[in-house]
Amino acid sequence: MEEIINEIKKTLKKIVSEYRLKHIMGVLYTAKMLANKYNIEESRAELAAVGHDLFRDIKPYKFLKIAKVYGIKISFEEEKNPILLHGKIAAEYLKREYNIPDDIYEAIYYHTSGYKYYGLIGKILFVSDSIEPTRNYDKVEYFRKIAFHDINKAYKEILKNKIIYSLNKNHFLLNNTVEAWNNILQY
Ligand SMILES: [Fe+2]
Ligand SMILES: [Fe+2]
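No experiment lies behind these values; they were computed from the predicted model shown.

(A) The coordination of the iron ion (ligand 2), seen in detail. Coordination sphere of the iron ion (ligand 2), protein contribution only: H23 (NE2), H52 (NE2), D53 (OD) and D129 (OD), at 2.2 Å. Counting the intervening residues between successive donors of the iron ion (ligand 2) yields the motif H-x28-H-D-x75-D. Separating the iron ion (ligand 2) and the iron ion (ligand 1) is a distance of 3.6 Å, and D53 donates to both of them. One end of the pair, H23, is in helix α2 (residues 18-37); the other, H52, is in helix α3 (residues 42-52), and 29 residues separate them in sequence. Of the residues examined, H23 reaches a relative accessible area of 6% and is grouped as buried.

(B) Representation of the packing of α2 against α3. The N-to-C vectors of α2 and α3 enclose an angle of 160 degrees; their axes lie 8 Å apart at closest approach. For the element pair α2 / α3, the angle class is roughly antiparallel. Crossing of α2 over α3 shows right-handed handedness. Judged by residue contacts, H23, I24, V27, L28, A31, K32, A35 and N36 of α2 engage E42, A45, E46, A49, V50 and H52 from α3.

(C) Representation of the coordination of the iron ion (ligand 1). Distances from the iron ion (ligand 1) to its protein donors, D53 (OD), H86 (NE2) and H111 (NE2), fall within 2.1 Å. Every donor residue of the iron ion (ligand 1) comes from the same chain, spaced as D-x32-H-x24-H.

(D) Structural context of the packing of aromatic side chains. If you walk through the whole model with that rule in mind, you get twelve aromatic pairs. On the numbers, 5.3 Å between centres and 35 degrees between planes, the contact of Y105 with Y109 is tilted. Here the residue Y105 and the residue Y109 both occupy positions in helix α7 (residues 102-109), the gap between them amounting to four residues, near one helical turn. A residue is classified by how much of its surface remains accessible, and Y105, at 14% relative accessible area, is buried. Under the relative-accessibility criterion, Y109 is labelled buried at 14%. With centroids separated by 3.8 Å and ring planes inclined at 10 degrees, the aromatic side chains of Y110 and Y115 adopt a geometry described as stacked. In this pair, the class of Y110 matches that of Y115, namely buried. Joined through ring pairs, the aromatic side chains of Y105, Y109, Y110, Y115, Y117, Y118, F126 and Y155 make up one cluster.

Basis of the calculations
Here, residues in each chain are numbered from 1, in the same order as that chain's written sequence. Think of it this way: whatever chain is written first is A, whatever ligand is written first is 1, and the rest follow in order. Residues qualify for local features only when their pLDDT is at least 70, as the model is predicted, and side-chain atom pairs are given and counted only at 80 or more; totals for whole chains, interfaces and linings, by contrast, use all residues. Computation of side-chain values covers all heavy atoms of the structure but excludes hydrogens and water. Only nitrogen, oxygen and sulfur atoms count as donors, using a 2.8 Å cut-off from the metal that widens to 3.2 Å for Na, K and Ca. Water is left out, so coordination shells may look unfilled. Secondary structure elements follow DSSP: runs of H or I of four or more residues count as helices, runs of E of two or more count as strands, with numbering from the N terminus. Each residue is placed in one exposure class: buried if its accessible area under a 1.4 Å probe, protein chains only, is under 20% of its type's maximum, exposed if it is over 50%, and partly exposed if it falls in between. Note on geometry: axes are C-alpha line fits, over the in-contact stretch for helices, and angles between N-to-C directions span 0 to 180 degrees. An angle below 35 degrees is treated as roughly parallel, one above 145 as roughly antiparallel, one from 65 to 115 as roughly perpendicular, and anything else as oblique. In this scheme, a crossing is called left-handed if the near helix is turned counterclockwise away from the far one by less than a right angle; it is called right-handed if the turn is clockwise. In what follows, residue pairs with any heavy atoms lying within 4.5 Å of each other are defined as contacts. Working definition: a ring pair exists when centres of Phe, Tyr or Trp rings (six-membered ring for Trp) sit within 6.5 Å. Plane angles under 30 degrees give stacked, over 60 give edge-to-face, the rest tilted.

Function cannot be read off these values alone, since they describe shape.
Right, dumping it as structure tokens:
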């Protein structure tokens, strides 16, 4: 897995901005710490982290094209806002190129929306993406604190925060976000 991670890092340097690279390295750092805290293999968290925003900075018009090539079903929301596809495209690419494990594929595929069936690695990526050191917003310190005590609570609170943010901005709610939220409330 180390080899794959290093190859992805090399690709990142070619296709993401410096700003994005800092964010990705922040996610990597945070995901590794959370992996240690919750007893999953560090390298699995690393792979999810380095892969998740691989295509975040490609030109927007390319998202729909690549998604079609990969056979990704494009929702109305994605058609209107193709950048939403960047996680799905990264997951499909990494599956084809490196045959990444299913749970890491899902972690990356749904990192923008959250996912009803997320495993631990999915929650770690989702949370790390929102609390990595370069993130700076109202509740981030609170989220950082709870992430290291209760990953499920952190996932729930961050998802909730994203939903509230989207509503306030009059942004779409993605179906997977709503499903993930409703699923959390069942337990
Ligand atoms: Fe992303
Ligand atoms: Fe990200």
